[in-house]
Amino acid sequence: MSLENFDREIYDLTNSELKRQTNYLEMIASENFTYPEVLEVMGSILTNKYAEGYPGKRYYGGCEFVDEIETLAIERCKKLFNCNFANVQPNSGSQANQGVYGALLNPGDKILGMDLSHGGHLTHGAKVSSSGKMYESFFYGVELDGRINYDKVADIANIVKPKLIVCGASAYAREIDFAKFREIADSVGAYLFADVAHIAGLVVAGEHKSPFPHCDIVSSTTHKTLRGPRGGIIMTNDEVIAKKVNSSIFPGIQGGPLMHVIAAKAVGFKHNLSDEWKVYAKQVKANAKKLAEVLISRKYNLVSNGTDNHLVLMSFLDKEFSGKDADMALENSGITCNKNTVPGETRSPFITSGIRLGSPALTSRGMKEAEFEIIGNKIADILDDINNKDLQISVKNELKELASKFIIYDKAMY
Ligand SMILES: Cc1ncc(COP(=O)(O)O)c(C=O)c1O
């Protein structure tokens, strides 16, 4: 029986979500539109298979084909990141990070990561996350200019003496200098762990410096700039660490791997290894740059005054309206983004003084600098007159028209 006939409620809601994804301009920096082939294999019979363990060493029979699938995913992942070992089983970025900590740390060990309110991720030691509950977490941040001050990170590391330093962020618009982090980690004898969830798609295209050979261990999501299925991965060049990671993921924190998602990761990696991928990643950066240029020309303040990657952080510290107000006004105008704290924040994390805008999803739809120029100007128009509801309605219609020229999916289910 088809989904349409069996469960009309879920069928209709999925189609409504397709309409939303089609009609709105998706500018949440962590989101993307994955490939139809990725969706196809995720909806396949591979979901039926239990395969606890790793290729060649499973706890279930009948794993000959999923072994080949996982091996392909591992080999492609290693090639992409130019490293010796990869674990493609983490169900999410958060579980990948939990797996990294489990491999290298004991409860109570000290970790040093980027503060959540400065652009870090929950899993980098935030007190509400298991990373902040199981380990003693300390933080570095960004300066008022929106950049990491590596001398300050070194000073904090020297005082804290962490066992592991996390570099990588969810909201940082500038290149991360992995070599400098290596020097800092070496100065205190810490492991260096890069979480490249946000920038991985740029890294594998050579559009952002690689965390290897500087980092001991690297994690990523596969669904952000990498544009694959929702999931996580862990990479290293160190055989001892690789063995610890494998047992930290299974049986440490996970049971049966999601074989349909691992197959989808392999398909995503095949895209990431193609020549077209380099063109895509370049365009992601060029589009973010264009957006930044337009917003600056319209007299808006950007954290760090620009971008080196796929995202732009607007600061409204000098404005009467908040990040939450801007987020809502843009949502009413057909643009989806998220409110974000900014350096020197004066409002609460629920209100904030900024928004984060990303280029990956619209680039996947085929938009280029010309479209980002239009969109940047529309964003400025809306924010210039933030209480003008009529303007929001008319911009929403205009942007729906623009979006209709860049259709990515012809159906919700593949
Ligand atoms: C830097 C970073 N690491 C890890 C994650 C967690 O990924 P997931 O949502 O798949 O758990 C995110 C997600 O936003 C992230 O930005």
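Just so we're clear, the structure is a prediction, and the values are computed from it rather than from any experiment.

Reading the values: the criteria
- Residues numbered from 1 in each chain as written.
- Predicted model: local features only at pLDDT ≥ 70, side-chain atom pairs only at ≥ 80, totals over all residues.
- Heavy atoms only, no water.
- Domains from an automatic or database assignment.
- Contact = heavy atoms within 4.5 Å.
- Salt bridge = Lys/Arg side-chain N within 4 Å of Asp/Glu carboxyl O.
- UniProt positions renumbered as here; feature names shortened; annotations may be inferred.
- Pairing = 2+ DSSP bridges.
- Helix = DSSP H or I, 4+ residues; strand = E, 2+ residues; numbered from the N terminus.
- Axes fitted to C-alpha atoms, helices over the stretch in contact; angles between N-to-C directions.
- Near = heavy atom within 4 Å.
- Polar contact = N/O pair within 3.5 Å; in protein donor to acceptor, adjacent residues only side chain to side chain.
- Areas by Shrake-Rupley, 256 points an atom, 1.4 Å probe, with all protein chains shown as cover.
- Expected span 1.5 Å × (residues − 1).
- Buried < 20%, exposed > 50% of the residue type's maximum accessible area, 1.4 Å probe, protein only.

1. Thoughts on the domain arrangement of the protein chain
In step 1: Per the domain assignment, the segments of the protein chain are domain 1 (39–272) and domain 2 (277–403).
In step 2: Each side of the interface is counted separately: domain 1 has 25 residues, and domain 2 has 24 residues.
In step 3: For the interface between domain 1 and domain 2, the tally reads three salt bridges.
In step 4: Put simply, R174 and D308 hold a salt bridge, and the shortest N to O gap is 2.8 Å.

2. Side note on the UniProt feature "modified residue: N6-(pyridoxal phosphate)lysine" (unreviewed entry) in the protein chain
In step 1: Taking the numbering used here, the UniProt-annotated feature "modified residue: N6-(pyridoxal phosphate)lysine" (unreviewed entry) corresponds to K224.
In step 2: Discounting residues that sit within four places of it in the chain, K224 has contacts with S30, N32, A197 and H198.

3. Some words on the sheet that holds strand β12 (residues 311–315)
In step 1: Spatially, four strands are ordered β11-β12-β15-β14 in an open sheet, and the strand pairing comes out antiparallel. The open sheet has two edge strands, β11 (301–302) and β14 (338–340), and neither has a second partner.
In step 2: Of the strand pairs in this sheet, β11 and β12 are connected by two bridges, and their pairing is antiparallel. Paired with L302 across the bridge in β12 is M314.
In step 3: The strands touched by helix α12 (residues 275–297) within the sheet are β11, β12 and β15 (354–358), with β12 carrying the most contacts at an inclination of about 20 degrees.
In step 4: Strands in contact with helix α13 (residues 323–332) are β14 and β15; relative to β15, the strand with the most contacts, it is inclined by about 45 degrees.

4. Brief notes about the site of the ligand
In step 1: Near the ligand lie 13 residues; those nearest to it are G93, S94, S170, D195 and K224.
In step 2: Side-chain polar atom of D195 to a nitrogen atom of the ligand: 2.5 Å apart, as the coordinates give it.
In step 3: For the ligand, an oxygen atom lies 3.4 Å from a polar atom in the side chain of H198.
In step 4: Isolated, the ligand exposes 390 Å² of accessible area, and the fraction of that covered by the protein chains is 83%.

5. Section: helix α15 (residues 369–384)
In step 1: An ideal rise of 1.5 Å per residue puts 22 Å on 16 residues; α15 measures up with 22 Å between its terminal C-alpha atoms.
In step 2: Of all the residues in α15, the buried ones are E371, F372, I375, G376, K378, I379, A380, I382 and L383.

6. Some remarks on the UniProt feature "site: Plays an important role in substrate specificity" (unreviewed entry) in the protein chain
In step 1: What UniProt calls "site: Plays an important role in substrate specificity" (unreviewed entry) maps, in this numbering, to H223.
In step 2: Take H223: its relative accessible area is 11%, and that puts it in the buried class.
In step 3: If near-sequence neighbours (up to four positions away) are discounted, H223 is found in contact with S30, N32, G228, P229, R230 and G231.
In step 4: Polar contacts involving the side chain of H223 include one to the main-chain amide nitrogen of G231, which spans 3.1 Å.

7. Quick notes on the sheet that holds strand β6 (residues 136–140)
In step 1: Strand order in the open sheet formed by seven strands is β4-β10-β9-β8-β7-β5-β6, with mixed pairing between adjacent strands. Both outer strands of the open sheet, β4 (85–87) and β6, are each paired with one neighbouring strand and no more. This sheet shows a mean twist of 20 degrees between the axes of neighbouring strands, independent of strand direction.
In step 2: Direction of pairing for β4 relative to strand β10 (residues 232–236): antiparallel, over a ladder of three bridges. Following the sheet pairing, F85 is matched in β10 by T236.
In step 3: Relative to the sheet, helix α10 (residues 239–253) contacts β4, β8 (191–195), β9 (217–221) and β10, its axis offset from that of β4 by approximately 10 degrees.

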